[in-house]
Amino acid sequence: SCVADQLIVQHAGAGAGNAGIAMASGGVAINCISQTASTNTYSAGFKSASGTVSFYNCLAIIPSNIGAAGGMAFQTSYSSAVVKNCAGFGQAAFSGAYGGSPSFTGNNNASTTTISFGTSNQASLTFADQIEEPDATTGLDCRTKAGAALIDNGADLSGSGVTTDIVGTAR
């Protein structure tokens, strides 16, 4: 039941069920980035390991130079997740389960793939059109590109205690 705020994680994610940021019941991840270097089917950027976990303004990415899309941006394991204003790029799926049935709620998310829950989501976005430098070879720059579809498409999360972005800019 901890809060992870402005956390940036890079992980190999080689094994099934591994995640860059995994949290348990009551946990909240805010303004976090999880960069996975694996295309394993069950490797995830973010994971709700038990109970209900909330993810706000988070980015899960597999850089474009890693290889074919794999894994999932957000994963549950016999649990549920609230996912709002989050993006997943480079994965085979935006959300899924590693054990049990996935239970997701949320809105205003973005991905290259279909998002099967919530409203005001943006699917079919290209990774390169949204993120400054999607290739970890020359240095990963996860800022949103000027003119990207992500800009001004998030929900107001101040009621959930989220008032700034990862660099401290008021939102």
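Above this text sits the structure in question.
Residues numbered from 1 in each chain as written. Predicted model: local features only at pLDDT ≥ 70, side-chain atom pairs only at ≥ 80, totals over all residues. Heavy atoms only, no water.

*Asks:* So, the packing of aromatic side chains: which residues are in play, and what are the values?
*Replies:* Under the criterion given, the structure shown has seven aromatic pairs. Aromatic side chains F74 and F94 sit 5.2 Å apart centroid to centroid with 50 degrees between the ring planes, which places their arrangement in the tilted category. With F74 in strand 9 (residues 72–76) and F94 in strand 12 (residues 93–97), this pair connects stretches of sequence that are 20 residues apart. For the ring pair F104 and F117, a centre distance of 5.3 Å and an interplane angle of 15 degrees mean the geometry is stacked. Of this pair, F104 sits in strand 13 (residues 104–107) while F117 is found in the loop between strand 14 (110–111) and helix 1 (127–130), placing the two residues 13 residues apart along the sequence. Residue F117 is classed as buried on the basis of its relative accessible area of 8%. (Phe/Tyr/Trp six-rings, centres within 6.5 Å; stacked < 30°, edge-to-face > 60°. Helix = DSSP H or I, 4+ residues; strand = E, 2+ residues; numbered from the N terminus. Buried < 20%, exposed > 50% of the residue type's maximum accessible area, 1.4 Å probe, protein only.)

*Asks:* I'd like a rundown of the sheet that holds strand 11 (residues 87–89), residues and numbers included.
*Replies:* Across the sheet, which stays open at both edges, the five strands sit in the order 2-5-8-11-14 with parallel pairing between neighbours. With partners counted over all chains shown, the strands left at the sheet margins are strand 2 (8–11) and strand 14, one partner each. Pairing between strand 2 and strand 5 (residues 33–36): four bridges, direction parallel. Residue pairing in the sheet places H11 in a bridge with T36 of strand 5. (Pairing = 2+ DSSP bridges.)

*Asks:* Tell me about the pairing of strand 6 (residues 44–48), and please be specific about residues and values.
*Replies:* Within a regular strand, side chains alternate between the sheet's two faces. Of all five residues in strand 6, five are buried; the element is thus mostly enclosed. Pairing analysis gives four bridges linking strand 3 (residues 19–23) to strand 6, with the strands arranged parallel. Of the residues in strand 6, the one forming a bridge with I21 is F46.

*Asks:* Kindly report on the sheet that holds strand 4 (residues 28–30), identifying the contributing residues and their values.
*Replies:* To summarise the sheet geometry, strands pair through backbone hydrogen bonds and adopt either a parallel or an antiparallel arrangement. Strands sit in the order 1-4-7-10-13 across an open sheet of five strands; the sheet is parallel. Either end of the sheet is taken by a strand with one partner, and the two such strands are strand 1 (3–5) and strand 13. Averaged over all neighbouring strand pairs, the angle between strand axes comes to 10 degrees, with direction disregarded. Relative to strand 13, strand 10 (residues 80–84) is paired through four bridges, and the arrangement is parallel. (Axes fitted to C-alpha atoms, helices over the stretch in contact; angles between N-to-C directions.)

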